[in-house]
Amino acid sequence: AECVSGCVCPQGLFDDGRGGCVQEEDCPCVHNKQWYSRGDEITVDCKTCTCQRGGWTCTKVGVCYGTCTIYGSGHYITFDGKFYDFDGSCEYVATQDFCGDKNSSSSFSVITENVPCGTTGVTCSKAIKMFLGNTELKLENKDYKEIQRDIGDEVQYRKRTVGLYLVIEASNGVMLIWDKKTTIFIKLTADYQGKVCGLCGNFDGKSNNDFTTRSGLQDTSALEFGNSWKQSYTCPDVTEEILPCSLKPHRKSWAEKECYLIRSQVFEICHSKVDPTPFYEACVHDACSCDSGGDCECFCSAVAAYAQECIKAKACVFWRTPDICRECTIRMYH
């Protein structure tokens, strides 16, 4: 299926995957099932990659941030790109840099408080606590509050509003972006690679070990993994995955119709760069579950999460219209 000489092409020439035969130096490259010609460039995470002789040559550009996304009804995308759902009603460690190593010290942690956001039992992030040295920042009800603590060193930070989002950027390489509703983006510099833990994973470049529990064991279950990171042992464990469209089947067809926007031509330029399937499924899940009002907010947050991943992949899509989530949008840090 790729560039091979002497099979379907004359000796010395290579199948280009598109019905032609080319010299080796003109072999195309493949990324997310899309073909690219020699010299084409793509952006993956914080790297620029160029197609050369059928393979990709990549270089880093600028400051390399890892991003963890928490949005909607319990959807998580770890720093290493693992996509999973966890509906726990408690406070949980999203990420922190103290992970049991005796030689490490804690400079930050981000705690998310999850509460039910519909009658089906799914949960959304209601409040965020961000600990930066001796400072605690609490983000709740579209508001921001600073609390000084007696322990920890001083960590400088600045906050500002950019479009819909509140951005907190700390001097220790931690950034938090909050839409003042249910979406959080946590960004870390490369200095933290392999040095963090929590629901956002360990940021070591491998997604297959992201389900590392508080005790340091690797698990395959999102439920066991998520339960290990709760802050209070008085909170009940999550014992089963909630399927809101099964509980509210009358909402399913409406949810699929609305969320088809993610798979439509509107996002066509992004489909080859970011797989729309998990985002579409998360959107349907949220549209079914938000049955206590806020239908539009849940739908818009789900689509905005996919749009943000598209922006990171250099595929900017202008999807908001007067009829669809008319709030302004911004280009965010990547």
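About the cut-offs
Residues numbered from 1 in each chain as written. Predicted model: local features only at pLDDT ≥ 70, side-chain atom pairs only at ≥ 80, totals over all residues. Heavy atoms only, no water. pLDDT = per-residue confidence, 0-100. Helix = DSSP H or I, 4+ residues; strand = E, 2+ residues; numbered from the N terminus. Contact = heavy atoms within 4.5 Å. Pairing = 2+ DSSP bridges. Axes fitted to C-alpha atoms, helices over the stretch in contact; angles between N-to-C directions. Buried < 20%, exposed > 50% of the residue type's maximum accessible area, 1.4 Å probe, protein only. Disulfide = S-S within 2.5 Å.

On average, the protein chain scores 86 in pLDDT, and the residues at 70 or more come to 90%. Of all the helices and strands in the protein chain, strand β5 (residues 41-44) carries the lowest mean pLDDT, 79, while strand β11 (residues 91-96) carries the highest, 96. Low pLDDT (under 50) marks residues 328-334, which in the prediction has 27 contacts with non-local residues, meaning those over four places away or in another chain.

It is worth spelling out the sheet that holds strand β6 (residues 47-52) at this point. As a general point, the strands of a sheet are linked pairwise by backbone hydrogen bonds and lie either parallel or antiparallel. Taken together, three strands build an open sheet; the order of strands is β5-β6-β7 and the sheet is antiparallel. Each end of this open sheet is capped by a strand with a single partner; those strands are β5 and β7 (55-60). In this sheet, neighbouring strand axes are inclined to one another by 30° on average, regardless of whether the strands run parallel or antiparallel. Pairing of β5 with β6, which is carried by four bridges, proceeds in the antiparallel orientation. Its bridge partner being in β6, E41 is matched across the sheet by T50.

Here we come to unusual backbone geometry. Residue K142 is not a glycine yet carries a positive backbone phi of 65°. Mapped onto the secondary structure, K142 falls in the loop between β14 (135-140) and β15 (143-148). In this structure K142 comes out as exposed when scored by relative accessible area, which is 57%. For K180, which is not a glycine, the phi torsion comes out positive at approximately 65°. Relative to the assigned elements, K180 resides in the loop between β18 (174-178) and β19 (184-189).

Applying the stated criterion to the full structure yields 10 disulfides. Shown here is the disulfide that connects C9 with C21, its sulfur atoms set 2.1 Å apart. Every disulfide takes its handedness from the sign of the S-S torsion; for C9 and C21 that torsion is -85°, giving left-handed. Placement of the pair is C9 in the segment before β1 (14-15) and C21 in strand β2 (residues 21-22), with a sequence separation of 12 residues. What pairs with C29 in a disulfide is C51, and their sulfur atoms sit 2.2 Å apart. Of note, the bridge from C29 to C51 carries an S-S torsion of about 90° and is right-handed in sense. One end of the pair, C29, is in strand β3 (residues 29-31); the other, C51, is in strand β6, with 22 residues separating them in the sequence. You'll find C29 and C51 in the same group, each marked buried. No disulfide involves C316; its nearest neighbouring cysteine sulfur is the one of C310, lying 9.0 Å away.

Buried residues dominate strand β8 (residues 65-71), accounting for six of its seven residues. Across six bridges, the pairing between β8 and β19 is antiparallel. When the bridges of β19 are listed, T69 appears paired with F185. Bridging between β8 and strand β9 (residues 75-77) involves three bridges; their strand directions are antiparallel. Pairing of T69 across the sheet is with I77, part of β9. Counting the residues between successive antiparallel strands, the hairpin from β8 to β9 contains three residues, one of them, G72, with a positive phi of roughly 60°.

The next point concerns the sheet that holds β15. As summarised here, the arrangement of the five strands in space is β11-β12-β13-β14-β15, forming an open sheet in which the pairing is antiparallel. The sheet is open, and its two borders are formed by β11 and β15, each paired with just one other strand. Averaged over all pairs of adjacent strands, the angle between strand axes in this sheet comes to 25°, irrespective of strand direction. As paired strands, strand β12 (residues 108-116) and strand β13 (residues 123-132) are joined by nine bridges and run antiparallel to one another. Residue pairing across strands places S109 opposite F131, the latter belonging to β13.

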